[in-house]
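Each chain, letter by letter, is given below.
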Amino acid sequence: MVKTTIGAGRAWHFSHMIGRSSAEHNESKFGRTGGFCTPMDLAIAPDNIIFVLSRGFGHVSSAHGVDIGCRIGKTTMDEDHIGDFARGAFTWANSIALSSEGKLYCSDEFENKIYVFDTDKVMPYPEFDPSGESTAEWGVKGAAPGQFNGPAGLDFDMDNRLYIVDSLNSRIQIFSKEGGFIGCWGQHGEDEGQFNKPWGITIDSHGYVYVADWGNNRVQKFTADGEFLIQIGVSDDSNVALDHPSGVAVDSQGDIYVVDWGNRRVQIYESDGEMIASLYGDAIEFNKAGLYNLERDPESIKNLRQNEDITPYTSKFGRPIGIAIDEQDRIIITDIRGRLQIYSKDKEYAEPS
């Protein structure tokens, strides 16, 4: 049964899920399968390829000498897992973005660096070379222009300029693809154009910049030069209020998708900021290898122990973080349960009579 969410003459149909909670890449009777370990962000490339950034287990494997869950996965929309690279290359990876030349950029909020990778090679599991896979890296901790304190979300504009959320400096910085500083805007606070630990960022087809203002429970929309335009989402005690949004994306119709991290959902808004629908996760299925996806937290343990049928719980987002939308308006959302949940959009939906 297809799960459908309806709002404002549109519908979002749950399509399928990809991945499982795993650091492995296997070739078996299921085909090429792989998983994700605390997936943080994703980037969509041509030919249905998806790059997924996994933060990892948070500890070094005694058998391998590296956190083998920390890596970038290369898979397809049909869950053909091509392989992984950058295994063990980061300390506290946050976000990724793909340049027009096909280079993948990754932010590390602890090291205060940006790493650049070629995407045509993968590293066989569980091999790794943390010092030899990146083709470039730059960044230093500080508050001066061009320096970082907790770099988070990344996105390229149409001129291939890289916008970086400099989270703990409460600003957006702009660089060339080679790392040359171009400019910055923003400051700490809760007024229009100010930030409190901002996280995700996206730039739409018109060049407008959207920033998930995590600490202020809102998304802000700007011109390319940082002029404030509108606020999206409310921060109050209502059931539609945002709770620490982590990511944002915009589809071809201008609808805005906000990853409502604290409320474990994705809120959908029209271009003027009017809310129209919510996604909560609909993956009532096994993954390709026949495994459920669960995170090891008290809420999961409680549901496993107290409910005979856990599918109504496992279908929901464990903790959504990253989001991306492809050219077909398919919405792909990272879920801390080690998977991606994918939706298709029906732009002229008519309810069955």
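## Here's the deal with the overall build of the protein
Broken down by element type, the protein carries two helices and 29 strands. In terms of overall dimensions, the protein is globule-like: its C-alpha atoms have a radius of gyration of 19 Å, near the 20 Å expected for 353 residues. By its C-alpha atoms, the protein is 55 × 55 × 40 Å across when sized along the principal axes. The buried share of the protein, taken over its 353 residues, is 56%. Of the roughly 15200 Å² of accessible surface on the protein, a fraction of 47% belongs to carbon and sulfur atoms. Side-chain charges of the protein comprise 32 positive and 54 negative groups, with the mean position of each set lying 5 Å from the other.

## Notes on the side chain of Arg218
Here Arg218 lies in strand E21 (residues 218-222). Under the relative-accessibility criterion, Arg218 is labelled buried at 5%. There is a polar contact of 3.1 Å between the side chain of Arg218 and the backbone oxygen of Glu190. A distance of 2.9 Å separates a polar side-chain atom of Arg218 from the backbone oxygen of Asp191. With sequence-adjacent residues up to four places away left out, Arg218 is seen in contact with Gly189, Glu190, Asp191, Gln194, Val211, Ala212, Asp213, Gln231, Ile232, Leu242 and Pro245.

## Some words on unusual backbone geometry
With the exception of glycine, most residues fall at negative phi, and the peptide bonds are largely trans. Omega for the peptide link from Tyr125 to Pro126 comes to -5°, which places this bond in the cis form. Mapped onto the fold, Pro126 is located in the loop between strand E11 (113-117) and strand E12 (134-138). Notably, Asn160 is not glycine yet its phi reads approximately 65°, a positive angle. Within the chain, His244 stands out as a residue other than glycine whose phi angle is a positive 55°. You can see His244 is positioned in the loop between strand E22 (228-232) and strand E23 (247-250). Given a relative accessible area of 24%, His244 falls into the partly exposed group.

## A closer look at the pattern of salt bridges
Under the counting rule described, the total for this entry stands at 18 salt bridges. Between Glu270 and Arg10 there is a salt bridge, and its shortest N-O distance comes to 3.3 Å. You can see Glu270 sitting in the loop between strand E25 (265-269) and strand E26 (275-279) and its partner Arg10 sitting in strand E2 (residues 10-18), a full 260 residues away along the chain. Note on Arg10: relative accessible area 11%, which makes it buried. Within this structure, Arg10, Asp251, Asp255, Glu270 and Lys345 form a network of salt bridges that share partners.

## As for the sheet that holds strand E5 (residues 39-44)
Two modes of strand pairing occur in sheets, parallel and antiparallel, and in both the strands are linked by backbone hydrogen bonds. Ordered by their spatial adjacency, four strands build an open sheet running E5-E6-E7-E8, and the pairing between neighbours is antiparallel. Every interior strand has two partners, whereas the edge strands, E5 and strand E8 (83-85), have only one. Within the sheet, the average angular offset between the axes of one strand and its neighbour, ignoring direction, is 25°.

## Quick word on the pairing of E22
Sheet faces and side chains relate simply in a regular strand, where the side chains alternate between the two faces. Pairing of E21 with E22, which is carried by four bridges, proceeds in the antiparallel orientation. Following the sheet pairing, Gln220 is matched in E22 by Gln231. Linking E21 to E22, which pair antiparallel, is a turn of five residues; within it Gly226 sits at a positive phi near 95°.

## With respect to the sheet that holds strand E20 (residues 209-213)
Pairing is antiparallel across the open sheet formed by four strands, whose spatial order is E19-E20-E21-E22. Whereas interior strands pair on both sides, the edge strands pair on one side only; in this sheet they are strand E19 (201-203) and E22. Averaged over all neighbouring strand pairs, the angle between strand axes comes to 20°, with direction disregarded. Of the strand pairs in this sheet, E20 and E21 are connected by five bridges, and their pairing is antiparallel. The residue bridging Val209 from the neighbouring strand is Phe222, located in E21.

## Brief notes about the side chain of Ser99
Take Ser99: it is sitting in the loop between strand E9 (93-98) and strand E10 (104-108). Under the relative-accessibility criterion, Ser99 is labelled buried at 6%.

## Here we look at the nonpolar core
Counting residues in each nonpolar core, the largest one holds 32 residues, and the members touching the most others are Ile72, Phe90 and Phe117. Ranked by residues supplied to this core, first place goes to strand E6 (residues 49-54) with three residues. Apart from residues lying up to four places away in sequence, Phe117 is in contact with Ile72, Phe85, Ala86, Ala89, Phe90, Lys103, Leu104, Cys106, Glu133, Ser134 and Thr135. Grouped together as the second largest cluster of nonpolar side chains are 18 residues, Ile276, Ala283, Phe317 and Ile333 included.

## So, the state of the cysteines
Working definition: the covalent bond between the sulfur atoms of two cysteines is a disulfide. All chains considered together, the criterion is met by zero disulfides. Cys70 forms no disulfide, and the closest cysteine sulfur to it belongs to Cys106, at a distance of 8.0 Å.

## Considering the packing of aromatic side chains
For the structure on display, the rule yields 15 aromatic pairs. Relative to Phe175, the ring of Trp138 lies with its centre 5.1 Å away and its plane at 40°, an arrangement referred to as tilted. Taken together, the residues Trp138 in strand E12 and Phe175 in strand E15 (residues 171-175) connect sequence positions 37 residues apart. Its relative accessible area of 1% is what places Phe175 among the buried residues.

So, how was this worked out
Residues numbered from 1 in each chain as written. Predicted model: local features only at pLDDT ≥ 70, side-chain atom pairs only at ≥ 80, totals over all residues. Heavy atoms only, no water. Helix = DSSP H or I, 4+ residues; strand = E, 2+ residues; numbered from the N terminus. Rg over C-alpha atoms; globule rule 2.2 N^0.38 Å. Buried < 20%, exposed > 50% of the residue type's maximum accessible area, 1.4 Å probe, protein only. Areas by Shrake-Rupley, 256 points an atom, 1.4 Å probe, with all protein chains shown as cover. Lys, Arg positive; Asp, Glu negative; His and termini not counted. Charge placed at Lys NZ, Arg CZ, Asp CG, Glu CD. Polar contact = N/O pair within 3.5 Å; in protein donor to acceptor, adjacent residues only side chain to side chain. Contact = heavy atoms within 4.5 Å. Salt bridge = Lys/Arg side-chain N within 4 Å of Asp/Glu carboxyl O. Pairing = 2+ DSSP bridges. Axes fitted to C-alpha atoms, helices over the stretch in contact; angles between N-to-C directions. Core = buried A, V, L, I, M, F, W, Y, C linked by side-chain atoms within 4.5 Å. Disulfide = S-S within 2.5 Å. Phe/Tyr/Trp six-rings, centres within 6.5 Å; stacked < 30°, edge-to-face > 60°.

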